[in-house]
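So the chains spell out like this:
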Amino acid sequence: MSTPSSGPGSTRAPGREPVGSRPAKSRTAGEHTPITLTGLGAKVILLGLVAGIAIWAAFPLVEAEQWVGLALLVATTAGLFYLYLTRRHVPAKYLVPGTLFLIAFQIVPVLYTASTAFTNFGDGHRGDKQGTIVAIQTASVEQVPGSTEYALSVATEGDPATGPLVFLVTDPADGAVSIGDATGLRRLDADEVTVAPGGKVTAADGYTVLNFGQASARSQEITDLVVPTAGGALRSSGLSRAYEGKAVRAYDAACDCVRDSETGRTWTADESTGSFVADDGERLAQGWKVGVGLRNFTRVLTDPNISGPFLGTLVWNFAFAVGSTGGTFMLGTFVALALHSPRMRGTNLYRVLLILPYAMPSFAMLLVWRDMFNTDFGLINNLFGLGVNWFGEQWSARAAVLLVQLWLGYPYMFLVATGALQAIPRELTEATSVDGASPWQSFRAVTLPLLLVALSPLLISSFAYNFNNFNAIYLTTEGGPFPADNPSNGATDLLITYTYRLAFGGQGAEFGFAAAISLFIFAIVAVVSAVSFRRTRKQEEVYA
Amino acid sequence: MRIRTAGVIAVFTLALAASGCGGGSDEPATDESPKAAGGKLVIWADDKRTAALKPFAETFGRENGVTVEVQAVSKDLQTNFVTASQQGSGPDVVVGAHDWIGNMVQNGAIDPVQLAADQKSAFNQTAIKAVTFNGQLYGVPYAMENLALIRNTALAPEAPKTVEELVATGKRLKAEKKASEILCLQSGQNGDAYHIYPLYTSAGGYLFGTTANGDYDPKDLGVGKPESIEAFKKIGALGEKGEGVLKRSITPENSIATFTGKKCAFLVSGPWAVADVKKAGISYDITPVPGFAGGKEAQPFVGVQAFYVASKGKNKALAQEFVANHVTKPDLAVALYQAEPRPPALTAALDQVKGSDPDLAKFTEAGRNGQVLPAIPAMAAIWDPFGKAEAAVIGGADPARTITSAGQTIAGQIK
């Protein structure tokens, strides 16, 4: 279960706080605390780690010239050092680590998701425009038809590590060697060079031929070196061959478009979609990331494929979360009550057996359950002699996933309910029986309310967790069964599995769109949790 | 005061030590080959292929004085590669299936590879076609794979020539209680477009039309067209409400196991199934997937595994050299075949290994009429709706309505 349980639910009711002149007291206490060797050692090690991580993180930031990030890093580290090397600010010493983790693991991801929701980030729109242009131009380099394939050696006049590079190319037809650089290609005399049998030049007067190790250290320069020729340009294909190629498509800044030199077609940049689009609507595959404003959000609300089945999915999603949480809670509490009875023998053995499902990885268990529900080969049908197509019918599939959830989840509820039951004084139930209450009445009136006070935050967090329980659906039914005429929304789909399919199931991933939908889900879960916590607090005030 | 100063000094010493450790781990391989002055080639592949590639990569590194690192990415290799590549932390070379090409190209993650004419002609031409996208060659293939019909010869000595023959044999075996299923062709609750495709083509369906230059055309979608409805009527007739040949209870997980458990005499699967079949000690034969009587030929998808040069790699020239001039040699293809027995794409390598492994030639024969698995990004929109439509039709849904709406869903997702 995740963090919500440590949220507002743990805020204490007023009046419980120990009152008095605590701040003044703690200050005097702090000044008299002796510096112990263990304490100092721990502080040194932890701060050392902080500094170590900061230095480790600084290098990539400097390399990427991320000065804002670097400033943030320096400020945070300096702040941490100041805080823990001074004797003041005692409360902050306790609060800061938690706050930092909260920022790093909760707030930043939420903000990042929110910012992604306003872009078209996804497959085909990952990078910036400049990168897109480079990709289009590189992808359009074609070998000039009928041109020669040369054997290539990379050489330099100067130092192998820094000298200007040249290509020494051998024409396989006549063995003639030419030298090429950015200005062009010129012939070399045969007596100036030594040519190996494969055609590669191994030595040339006045030049140092680079070996693979030396050449590969200057990979980028070699890839960038283009020797202009009449038909196009000579480019390297690896380190031992060169070919005459031509970039068919080029970007023209004047018209902000890409032009194909062979067909004359142009694709103009469209900054609102991050693509190059031709007049007839044809779009180049490579695009870039742009802000799209509220488009992702309006798409969720207006696309009939999404808004149509949305309500039905939402209702089932609530039913699934409530059913999973309620079912596991009821069974877990029932078992805990049974084992709590003083007349019960061998409780430890039962407890071990009951915790077993919880100890097994749910990932694997979900897959095992999926196979057990198989119509012809599954354990359940074979055991009971049934022929039910569990995952093929709407209601049996829903019942099946809830059953799996019950099996996976009740040991957890059993554990927490056992703990909570032991905290309820036996005198209370004994008192009710003295007053003549039946066991059911005493459970209803005393045990259950006290249990709920302790377990409500856990139930709410369990609800929130199950509301987005992607694995429980995706590893069993995958959202199915699907109606024959709608392959995008199935009977057991949760909002999260449904949106996963919408955002990642089509032509490439759409992270921007996925982020927008997850914000909607976030809002729904947040509202439900907030309302429940508010109600819980009222309940606590009554029973506490 | 003195104790605090000592503390501060200790903190900084530790900090330096910690950052020193962090920096050290970035260059683990430098002492392996002392000649590696500057060049380092990073290759990403899946687990199985990493093991096969390592010795070859080390030899390449030693011979050329460079460092070669092969890193295993066991899950979501393509997604990880595209993401890492965008962030500038990707490899120089990546190894993967050819149908990734469309997506990798639209993300500007891979560069074309220039092969000489004689290099190209050394490959199976279907493999070369598979890695060609928008008229450019984007990868160097090393292995091919396609579906075939694997038959338990103890149960069914004769290879069926048509689907009808297969069904008749299967039904007879079922009546004689020698098998419990007629055919092991995996579908699952949500269908399996890859495995049903041979029957779909035999019944006359197609996915994409082709443009003038032979590429797949995403604008000409065959799903939802009358031919596809006719094809799914034939598939539906084999389904649960019909002949009971195709069943949703046969899933990717249990299909091969059911065959090796001798519960069905016929299995539609690829080279990856052979190891299990051999282990089970079943006498088997491999033949092309049969088509419907009087129908077209059943055409399985042909998939190709290939090496790609990353656009944003740090050592592109070396990567080009490795992919264009070293992957094209037979020894690597043979080593990769030994890691996982799929037919090599290099004709010379296939000739080298097919003598000791007769299955290879049979799989190649089964894929002779195959269709190259489309690599266009639009293909990603096909899998899910097409599979679900298949499952629905097998379960008895009306083919016309089901396929029409699948076609609409797919068309809506193609940009």
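Residues numbered from 1 in each chain as written. Chains lettered and ligands numbered in written order. Predicted model: local features only at pLDDT ≥ 70, side-chain atom pairs only at ≥ 80, totals over all residues. Heavy atoms only, no water.

- Identification of chain B as Maltose ABC transporter substrate-binding protein from Micromonospora musae is taken from an unreviewed UniProt entry.
- On record in UniProt, under Sequence similarities (unreviewed entry), the comment for chain B is "Belongs to the bacterial solute-binding protein 1 family." (UniProt positions renumbered as here; feature names shortened; annotations may be inferred.)

- As annotated in an unreviewed UniProt entry, chain A carries the name Maltose/maltodextrin transport system permease protein and comes from Micromonospora musae.
- Entered under Subcellular location (unreviewed entry) in the UniProt record, the comment concerning chain A runs "Cell membrane".

### Regarding the overall build of chain B
Part 1 of the argument: Helix and strand counts for chain B come out as 17 helices and 14 strands.
Part 2 of the argument: Taken along the three principal axes of its C-alpha coordinates, chain B extends 90 × 50 × 50 Å.
Part 3 of the argument: For chain B, with 415 residues in total, the buried portion stands at 60%.
Part 4 of the argument: The contacts of chain B with a sequence gap of at least 6 include a subset with a gap of at least 24, amounting to 75%.
Part 5 of the argument: As displayed, chain B has an accessible area near 16100 Å², and 54% of this comes from carbon and sulfur atoms.
Part 6 of the argument: One finds the centroid of the 41 positive side-chain charges in chain B at a distance of 4 Å from the centroid of its 42 negative side-chain charges. (Helix = DSSP H or I, 4+ residues; strand = E, 2+ residues; numbered from the N terminus. Buried < 20%, exposed > 50% of the residue type's maximum accessible area, 1.4 Å probe, protein only. Contact = heavy atoms within 4.5 Å. Areas by Shrake-Rupley, 256 points an atom, 1.4 Å probe, with all protein chains shown as cover. Lys, Arg positive; Asp, Glu negative; His and termini not counted. Charge placed at Lys NZ, Arg CZ, Asp CG, Glu CD.)

### Quick look at the domain arrangement of chain B
All names here are of chain B.
Part 1 of the argument: Looking at the assigned domains, one finds that chain B contains domain 1 (40–145 + 303–372) and domain 2 (148–299 + 376–413).
Part 2 of the argument: Residue-level contacts link 18 residues of domain 1 with 22 residues of domain 2.
Part 3 of the argument: With both sides pooled, the region where domain 1 packs onto domain 2 buries about 1700 Å², and carbon together with sulfur makes up 56% of that total.
Part 4 of the argument: The interface formed by domain 1 and domain 2 includes one salt bridge.
Part 5 of the argument: Here K362 and D285 are joined by a salt bridge, their closest N and O atoms 3.0 Å apart.
Part 6 of the argument: Across the domain 1-domain 2 interface, the total number found is seven residue pairs in polar contact (both at pLDDT 80 or more).
Part 7 of the argument: When residues of the side of domain 1 that touches domain 2 are traced back to their parent elements, those giving at least two are α4 (101–106), α15 (358–366) and β14 (371–372).
Part 8 of the argument: A total of four residues in the side of domain 1 that touches domain 2 trace back to one element, the largest contributor, which is α15.
Part 9 of the argument: Split into classes, the residues belonging to the side of domain 1 that touches domain 2 amount to six nonpolar, eight polar and four charged. (Domains from an automatic or database assignment. Buried area = accessible area lost by both parts, 1.4 Å probe. Salt bridge = Lys/Arg side-chain N within 4 Å of Asp/Glu carboxyl O. Polar contact = N/O pair within 3.5 Å; in protein donor to acceptor, adjacent residues only side chain to side chain. Nonpolar A, V, L, I, M, F, W, Y, C, P; charged D, E, K, R; others polar.)

### Some details on the domain arrangement of chain A
Part 1 of the argument: On domain assignment, one finds that chain A holds domain 1 (38–116), domain 2 (139–247) and domain 3 (304–543).
Part 2 of the argument: Spacing between the C-alpha centres of domain 2 of chain A and domain 3 of chain A amounts to 67 Å.

### Notes on the interface of chain B and chain A
Part 1 of the argument: Chain B puts 70 residues into the contact, and the matching count from chain A is 65 residues.
Part 2 of the argument: Between chain B and chain A, the buried area comes to about 5400 Å², and carbon and sulfur atoms account for 55% of it.
Part 3 of the argument: Here chain B and chain A share three salt bridges between them.
Part 4 of the argument: One salt bridge connects D376 of chain A with K247 of chain B, and the closest N-O pair in it is separated by 3.1 Å.

### Observations concerning the packing of helix α13 (residues 330–339) of chain B against helix α14 (residues 347–354) of chain B
Residues and elements named next belong to chain B.
Part 1 of the argument: The interhelical angle for the contact between α13 and α14, taken along N-to-C directions, is 50°, at an axis separation of 8 Å. In this view, α13 runs oblique relative to α14, as classed from their interaxial angle. Note that α13 runs across α14; the crossing there is right-handed. On the side of α13, the interface is formed by P330, A333, V334 and Y337, while α14 contributes A348, A349, Q352 and V353. (Axes fitted to C-alpha atoms, helices over the stretch in contact; angles between N-to-C directions. Parallel < 35°, antiparallel > 145°, perpendicular 65-115°, else oblique. Left-handed = near helix turned anticlockwise from the far one by under 90°.)

### Some points on the UniProt feature "transmembrane region" (unreviewed entry) in chain A
Residue and element names in this part refer to chain A.
Part 1 of the argument: Following the UniProt record, one finds the feature "transmembrane region" (unreviewed entry) at residues 44–61, 67–85, 94–112, 314–337, 349–369, 399–424, 445–465 and 511–533.
Part 2 of the argument: End-to-end, the C-alpha atoms of residues 349–369 are 25 Å apart, and along that stretch the chain is 90% helix and 0% strand.
Part 3 of the argument: Annotation note: span residues 511–533, helix share 100%, strand share 0%, distance between end C-alpha atoms 32 Å.

### So, the pattern of salt bridges
Residues and elements named next belong to chain B.
Part 1 of the argument: The full count for this structure, using the stated rule, is 33 salt bridges over all chains.
Part 2 of the argument: K40 is the partner of E69 in a salt bridge, and the nearest nitrogen-oxygen pair spans 3.3 Å. Placement of E69 in strand β2 (residues 67–72) and of K40 in strand β1 (residues 40–45) is noted, with a sequence separation of 29 residues between them.
Part 3 of the argument: The shortest N-O distance in the salt bridge between K316 and D111 comes to 3.0 Å. With K316 in helix α12 (residues 316–325) and D111 in strand β4 (residues 110–111), the pair connects residues that are 205 residues apart, well separated along the chain.
Part 4 of the argument: Take K316: its relative accessible area is 13%, and that puts it in the buried class.

### Here's the deal with the confidence of the model for chain A
Part 1 of the argument: With 93% of its residues at a pLDDT of at least 70, chain A reaches an overall mean of 85.
Part 2 of the argument: Note on residues 1–30 of chain A: pLDDT under 50 across the span, and 16 contacts to partners over four residues away in sequence or across chains. (pLDDT = per-residue confidence, 0-100.)

### Comments concerning the pairing of strand β13 (residues 257–260) of chain A
All names here are of chain A.
Part 1 of the argument: Examined bridge by bridge, strand β12 (residues 249–252) and β13 share four bridges and lie antiparallel to one another. By the bridge assignment for β13, Y251 is matched with V258.
Part 2 of the argument: Counting the residues in the hairpin turn of β12 and β13 gives four residues, including D256, whose phi is positive at 50°.
Part 3 of the argument: Looking at chain direction, β13 and strand β14 (residues 266–270) are connected through three bridges and run antiparallel. Within β14, the position partnered with R259 by the bridge is T266.
Part 4 of the argument: Linkage of β13 to β14, two consecutive antiparallel strands, is achieved through a turn of five residues, within which G264 is found at a positive phi near 80°. (Pairing = 2+ DSSP bridges.)

### Some thoughts on the sheet that holds strand β12 (residues 284–287) of chain B
Residues and elements named next belong to chain B.
Part 1 of the argument: As summarised here, the arrangement of the three strands in space is β11-β8-β12, forming an open sheet in which the pairing is antiparallel. Of all strands in the sheet, those bounded by a partner on one side alone are β11 (266–269) and β12. Strand after strand, the sheet turns through a mean of 25° between neighbouring axes, direction not considered.
Part 2 of the argument: For strand β8 (residues 148–152) and β11, the ladder comprises four bridges, and the chain directions are antiparallel. Considered in β11, the bridge of A148 is made with S269.

### Here we look at the UniProt feature "domain: ABC transmembrane type-1" (unreviewed entry) in chain A
Part 1 of the argument: According to UniProt, the "domain: ABC transmembrane type-1" (unreviewed entry) feature falls on residues 314–532 of chain A.
Part 2 of the argument: Across residues 314–532 of chain A, the secondary structure splits into 74% helix and 0% strand, with the terminal C-alpha atoms separated by 18 Å.

### Some remarks on α15 of chain B
An α-helical segment advances 3.6 residues per turn. Residues three or four places apart therefore align on the same side.
Part 1 of the argument: Every buried residue belonging to α15 of chain B is among D359, L360, F363 and A366 of chain B, and all of these are buried. The buried residues of α15 of chain B occupy an angular sector of 125° when the element is viewed end-on, so they sit on one face. (Arc of directions from axis to C-beta.)

### Notes on the nonpolar core
One broad rule of soluble globular proteins: the nonpolar side chains tend to lie buried together.
Part 1 of the argument: With 137 residues, the main nonpolar core has L207, F208, F307 and F322 of chain B as its most contacted residues.
Part 2 of the argument: If you tally residues by element for this core, the top one is strand β13 (residues 301–310) of chain B, at eight residues.
Part 3 of the argument: Among the nonpolar cores identified, the runner-up in size contains 19 residues, and F329, A417, A420 and L452 of chain A belong to it. (Core = buried A, V, L, I, M, F, W, Y, C linked by side-chain atoms within 4.5 Å.)

### Quick notes on the sheet that holds strand β15 (residues 275–277) of chain A
Residues and elements named next belong to chain A.
Part 1 of the argument: The four strands lie next to each other as β12-β13-β14-β15, forming an open sheet whose pairing is antiparallel. The open sheet is flanked by β12 and β15, the only strands paired with a single partner. The sheet shows a mean angle of 30° between the axes of neighbouring strands, direction not considered.
Part 2 of the argument: Sheet contacts for helix α5 (residues 129–139): β12, β13, β14 and β15; angle to β12, the most-contacted strand, approximately 150°.

### Quick look at unusual backbone geometry
Part 1 of the argument: Following G480 of chain A, the chain continues into P481 of chain A via a peptide bond in cis, with omega recorded as 0°.
Part 2 of the argument: Locating P481 of chain A in the fold gives a position in the loop between α17 (470–474) and α18 (495–504).
Part 3 of the argument: You will see that K177 of chain B, though not glycine, has its phi angle at about 65°, which is positive.
Part 4 of the argument: For K177 of chain B, the position within the fold is in the loop between α7 (163–175) and α8 (193–202).
Part 5 of the argument: The backbone of K262 of chain B shows a phi angle near 60°, a positive value even though the residue is not glycine.
Part 6 of the argument: Position of K262 of chain B among the secondary structure elements: in the loop between α10 (255–260) and β11.
Part 7 of the argument: A relative accessible area of 46% places K262 of chain B in the partly exposed class.

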